[in-house]
Amino acid sequence: MVNSTTVEQSCLSLLNRCKTLKSLKQVHTHFFKSGTDSDAFVTGNLILHSAILISDALHHAHSLLLHFPNPDAFMYNTLIRGFSDSDHPHNSLTTFIQMRRNPNVKPDSFSFAFVLKSAANLQSFDKFITGIQLHSQSITHGLDTHLFVGTTLVNAVTSRVRVGCINEMPVRDLISTNIMIAGYMKSGEVRLAKSLFFGEMPVKDDVSWSTMIVGFAHNGCFDEAFELFIQSRRSGLRPNEVSLTGILSVCAQAGAFEFGKTVHGCIERSGFVSLHTVNNALLDTYCKCGNINMARLVFDRMPGRKTIVSWTTMVAGLAMQGYGEEALKRFHQMEESGIEPDGITFISVLYACSHAGLVEHGVRYFSMMKDRYGIDPTYEHYGCMVDLYGRAGELEKAHDFITKMPVKPNAVIWRTLLGACSVHGNVNLAEFALNKLAELDPNDSGDHVLLSNIYAVAGKWKNVATVRKSMNSQRLVKTPGWSMIEVDKIMYSFVAGDEQNEVINEARTNLRNIMLRLRDEGGYAPEVIGSVLHDIEDEEKENAVVTHSEKLALAFGMSRLCDGKVIRIVKNLRVCKDCHTVMKLASKIFRLEILLRDRSRFHSFRDGSCSCRDYW
DNA sequence: TTAGGGTTAG
């Protein structure tokens with residue numbers, strides 16, 4: 001008699017040799033003939049191989065599950081995970097719901113962890129939670145077939161219930177709890193992640209800490225991220241390759257140069273300085289913090305052969321700071337070193353051309369990408385080309401390029417054209433682009449604000465009023481602008497129209513004095529026309545413009561940072577023209593170096609001028 | 001018995 005363990009082991013070894021769906025089906029036929037295909041372990045592994053280990057076999061895994069008489073939790077879990085990485089991630093959620101409907105199966109920690117991850121990636125966390133909640137209610141009430149009963153119950157779901165629902169998990173081990181924290185963080189549920197991490201995890205590992213740290217940053221809570229990193233060090237946790245790249249990415253996102261330098265020191269001491277991943281993250285941090293000299297140093301001293309990520313990061317970093325020629329030089333060095341560029345490299349190359357006004361070069365690189373390297377352009381590449389022509393003021397060429405694109409232009413493409421129209425004041429083309437945007441993505445308030453600004457600059461006040469009215473009726477709210485500045489390794493953020501507090505008051509007081517000196521010594525007059533504030537009095541206009549968040553950050557930095565230090569500001573939106581003028585004047589009158597990272601590039605202000613050459 | 005987590009280039 002054959003031992004069942006032996007049968008299962010031989011089944012596994014057969015499956016492990018399968019690399020294609022075809023060979024898997026042959027093995028399946030073999031199982032069928034020997035009668036082992038009715039075994040749950042065998043089918044479970046068939047599903048695992050088709051859903052995860054072999055490409056393009058997910059549909060086969062699904063059909064295996066559908067045809068198996070009594071599928072178990074392992075099979076459902078495997079399929080939930082398989083769908084989460086597929087073209088139809090939503091099927092993870094439906095598979096989970098099917099599992100809940102099967103009275104013979106109970107979800108375990110794997111089920112919750114996998115489906116939560118999918119839900120977070122789909123950004124449908126609320127639907128997922130609501131779905132589970134409603135479903136458990138509907139089971140109790142005998143309404144199983146009506147999964148989503150209605151909005152009344154949806155509205156009744158409170159945070160307390162959400163936590164309760166996650167507590168349904170029968171087993172909660174360390175790994176699944178870590179995945180849940182990541183899921184909460186990705187879906188913006190910082191409070192729930194914190195309550196799990198601080199309240200319900202007596203045992204944490206390095207992944208738990210890292211998940212929290214990068215999760216905080218993902219939600220804009222940079223101070224909490226840095227604080228937790230410090231706490232993790234204090235509690236004796238030794239950093240590793242992944243946690244270091246993680247904290248560096250937090251510094252890069254925040255533009256936290258001082259904290260980044262501390263982490264750099266920690267890397268030098270820990271011996272992780274020889275790792276490519278860590279070096280690449282460090283390089284990116286210096287680029288995103290605007291310190292191109294440190295970035296060059298890290299890049300040039302990188303041990304061993306540089307990877308495509310190292311080269312592309314360097315090219316992108318140079319491009320962002322307006323060093324177009326050097327970015328292209330590095331690109332050619334990359335080619336010479338035998339590393340073949342990919343689509344992402346070309347995005348950086350095209351970006352470099354566009355921000356340095358190198359139109360002809362950009363056109364050549366765009367052709368080279370396809371002709372020499374066989375890379376098909378994506379929407380991002382097309383977007384770069386529209387930006388390239390648009391920035392250079394060749395708006396008709398930009399429009400012409402869009403009409404000749406082999407794919408249907410998306411909202412980003414039209415938005416890029418709209419942005420260019422705004423810079424160059426082309427009202428007709430702007431209206432045309434906005435009409436396209438109204439079809440594709442009508443809810444973006446930024447688009448309406450841009451058009452309204454274009455009308456304002458052209459003096460078309462009636463049109464401005466119409467746009468504002470339509471924004472109000474559609475309840476479109478402007479994205480609030482914020483700026484951050486790092487002082488003594490602490491990130492201070494400023495939001496226009498923020499409530500009063502000590503920091504804001506300090507910034508406001510200092511700002512008033514700064515503005516007076518700019519007016520008296522620099523001849524500053526506020527830029528009010530383009531600020532969509534035509535319907536209020538002049539004096540109010542000035543006040544409203546004056547309090548843009550980057551000005552508050554500047555004033556705060558000037559009062560807190562010692563002389564000679566570069567003022568580094570990070571802003572979430574594009575800098576407005578008036579703030580740009582203020583930064584230029586301030587750099588001259590107060591003999592300051594100001595570095596402003598906005599949504600699209602770096603502005604380096606020195607002695608009254610900016611590295612963007614007033615073009616952004 | 002089979003499975004799972006945090007990170008780096010636009």
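In this text the structure is predicted, and so the values were computed from the model without any measurement.

How each quantity is defined
- Residues numbered from 1 in each chain as written.
- Chains lettered and ligands numbered in written order.
- Predicted model: local features only at pLDDT ≥ 70, side-chain atom pairs only at ≥ 80, totals over all residues.
- Heavy atoms only, no water.
- Near = heavy atom within 4 Å.
- Polar contact = N/O pair within 3.5 Å; in protein donor to acceptor, adjacent residues only side chain to side chain.
- Nonpolar A, V, L, I, M, F, W, Y, C, P; charged D, E, K, R; others polar.
- Axes fitted to C-alpha atoms, helices over the stretch in contact; angles between N-to-C directions.
- Helix = DSSP H or I, 4+ residues; strand = E, 2+ residues; numbered from the N terminus.
- Parallel < 35°, antiparallel > 145°, perpendicular 65-115°, else oblique.
- Left-handed = near helix turned anticlockwise from the far one by under 90°.
- Contact = heavy atoms within 4.5 Å.
- Buried < 20%, exposed > 50% of the residue type's maximum accessible area, 1.4 Å probe, protein only.
- Pairing = 2+ DSSP bridges.
- Right-handed = clockwise from strand over helix to strand, strands pointing away.
- UniProt positions renumbered as here; feature names shortened; annotations may be inferred.
- Salt bridge = Lys/Arg side-chain N within 4 Å of Asp/Glu carboxyl O.
- Phe/Tyr/Trp six-rings, centres within 6.5 Å; stacked < 30°, edge-to-face > 60°.
- Lys NZ or Arg CZ within 6 Å of the ring centre and 35° of its normal.
- Expected span 1.5 Å × (residues − 1).
- Arc of directions from axis to C-beta.
- pLDDT = per-residue confidence, 0-100.

(A) Region of the structure containing the protein's contact with DNA strand B. Around DNA strand B, a shell composed of 41 residues is seen, among which Glu8, Asn178, Asp205, Thr245 and Ile347 lie nearest. Counting only the atoms of DNA strand B within 4 Å of the protein, the fraction contributed by sugar and phosphate is 36%. At a separation of 3.4 Å, a base oxygen of DNA strand B approaches a polar backbone atom of threonine 277. Between DNA strand B and glutamate 380 there is a distance of 2.7 Å, counted from a base nitrogen to a side-chain nitrogen or oxygen. Along the lines of polarity and charge, the residues of the surface near DNA strand B split into 14 nonpolar, 17 polar and 10 charged.

(B) Molecular detail of the packing of helix 7 (residues 109-122) against helix 11 (residues 174-186). Taken N-terminus to C-terminus, the directions of helix 7 and helix 11 make an angle of 20°; their axes are 9 Å apart at the nearest point. In this view, helix 7 runs roughly parallel relative to helix 11, as classed from their interaxial angle. Considering the relative orientation of helix 7 and helix 11, their crossing is left-handed. Only Ser176, Ile179, Met180, Gly183 and Lys186 of helix 11 make contact with helix 7, whose side of the interface consists of Ser109, Ala113, Leu116, Lys117, Ala120 and Asn121. Looking at the contact of helix 7 with helix 11 residue by residue, the classes come out as five nonpolar, four polar and two charged.

(C) Region of the structure containing the packing of helix 6 (residues 90-101) against helix 7. Between helix 6 and helix 7, the least distance of the axes is 9 Å, while the angle of their chain directions is 145°. The two elements helix 6 and helix 7 cross, and the hand of that crossing is left-handed. The residues of helix 7 that touch helix 6, namely those facing His90, Ser92, Leu93, Phe96, Met99 and Arg100, are Ser111, Phe112, Val115, Ser118, Ala119 and Leu122.

(D) Focus on the pairing of strand 3 (residues 567-571). Within strand 3, five of the five residues are buried, leaving the element largely enclosed by the surrounding structure. Going residue by residue along strand 3, you find Ile567, Ile569 and Lys571 tucked away on one face and Arg568 and Val570 tucked away on the opposite face as well. Two elements, strand 1 (residues 482-487) and strand 3, share three bridges in a ladder whose sense is antiparallel. Bridging across to strand 3, isoleucine 485 finds its partner in isoleucine 569. In terms of strand pairing, strand 3 meets strand 4 (residues 593-597) through four bridges, oriented parallel. Note that in strand 4 the partner of isoleucine 569 across the bridge is leucine 596. In terms of handedness, the path from strand 3 via helix 32 (residues 577-589) over to strand 4 forms a crossover that is right-handed.

(E) Quick look at the UniProt feature "repeat: PPR" (unreviewed entry) in chain A. As recorded in UniProt, the sites labelled "repeat: PPR" (unreviewed entry) are residues 205-239 and 307-341. Helix and strand shares over residues 205-239 are 74% and 0% respectively, and the end C-alpha atoms of the span are 11 Å apart. The annotated region residues 307-341 carries 74% helix and 0% strand content, and the separation between its end C-alpha atoms amounts to 10 Å.

(F) Region of the structure containing the pattern of salt bridges. For the coordinates displayed, the defined rule picks out 22 salt bridges. One salt bridge in this structure joins aspartate 387 and arginine 391, with 2.7 Å as the shortest N-O distance. Remark: arginine 391 and aspartate 387 occur in helix 23 (residues 379-391); sequence separation between them is four residues, near one turn of the helix. Given a relative accessible area of 15%, aspartate 387 falls into the buried group. A salt bridge links arginine 415 to aspartate 441; the nearest nitrogen and oxygen atoms lie 2.9 Å apart.

(G) Here's a closer look at the environment of isoleucine 347. Secondary-structure assignment places isoleucine 347 in helix 21 (residues 343-355). Assessed through its relative accessible area of 24%, isoleucine 347 is described here as partly exposed. Residues within four places of isoleucine 347 in sequence aside, it is in contact with Glu380, His381 and Cys384.

(H) Summary view of the sheet that holds strand 5 (residues 602-606). The sheet built from six strands is open, its strands ordered 2-1-3-4-5-6 with mixed pairing. The outermost strands of the open sheet, each flanked by one partner alone, are strand 2 (490-495) and strand 6 (609-610). In the sheet, strand 1 pairs with strand 2 via six bridges, with the strands oriented antiparallel. Note on strand 2: the bridge partner recorded for isoleucine 485 is tyrosine 492. Running at roughly 35° to strand 5, helix 32 makes contact with strand 3, strand 4, strand 5 and strand 6 of the sheet.

(I) Structural detail: the packing of aromatic side chains. Scanning the entire structure with this criterion turns up 17 aromatic pairs. When the centroid spacing of 5.9 Å and the interplanar angle of 55° are considered together, the rings of phenylalanine 346 and tyrosine 373 count as tilted. A residue pair is termed long-range when its members are at least 10 positions apart, and phenylalanine 346 in helix 21 and tyrosine 373 in the loop between helix 22 (359-371) and helix 23 qualify at 27 residues. For the pair phenylalanine 346 and tyrosine 373, one class covers both residues: buried. Between tyrosine 382 and phenylalanine 401, the aromatic rings sit 6.1 Å apart at their centres with planes inclined by 55°, giving tilted as the arrangement. Of this pair, tyrosine 382 sits in helix 23 while phenylalanine 401 is found in helix 24 (residues 395-403), placing the two residues 19 residues apart along the sequence. Joined through ring pairs, the aromatic side chains of Phe331, Phe346, Tyr365 and Tyr373 make up one cluster. Directly above the aromatic system of phenylalanine 299 lies the positively charged group of lysine 306, at a separation of 5.1 Å from the ring centroid.

(J) View of helix 14 (residues 222-234). The end-to-end C-alpha distance of helix 14 is 18 Å, a good match for the 18 Å that 13 residues give at a rise of 1.5 Å each. Within helix 14, burial applies to Phe222, Ala225, Phe226, Leu228, Phe229 and Ser232. The arc that holds the buried residues of helix 14, viewed along the axis, is 160°, so those residues lie on one side. Buried positions along helix 14 lie against helix 12 (190-199), helix 13 (206-218), helix 15 (241-254), helix 16 (257-270), strand 1 and strand 2.

(K) Representation of unusual backbone geometry within the structure. Positive phi is not limited to glycine here, since arginine 475 has a value of about 55°. Among the secondary structure elements, arginine 475 is positioned in the loop between helix 28 (461-473) and strand 1. Arginine 475 sits in the exposed class, given a relative accessible area of 73%. In the Ramachandran plot, arginine 613 falls in the positive-phi region, its phi being about 55° despite a non-glycine side chain. Structurally, arginine 613 is set in the segment after strand 6.

(L) Inspection of the pairing of strand 1 at higher detail. Along strand 1, five of the six residues are buried, which leaves the element largely enclosed by surrounding structure. Connecting the antiparallel pair strand 1 and strand 2 is a turn made up of two residues, with aspartate 488 showing a positive phi of about 50°.

(M) Quick look at the confidence of the model for chain A. Averaged over chain A, the pLDDT score is 86; the fraction of residues at 70 or greater is 88%. In this model residues 134-167 is a low-confidence stretch, pLDDT under 50, and it forms 46 contacts with partners more than four residues away in sequence or in other chains. Per-residue pLDDT stays below 50 along residues 530-542; that stretch engages in 19 contacts with residues further than four places along the chain or on separate chains.

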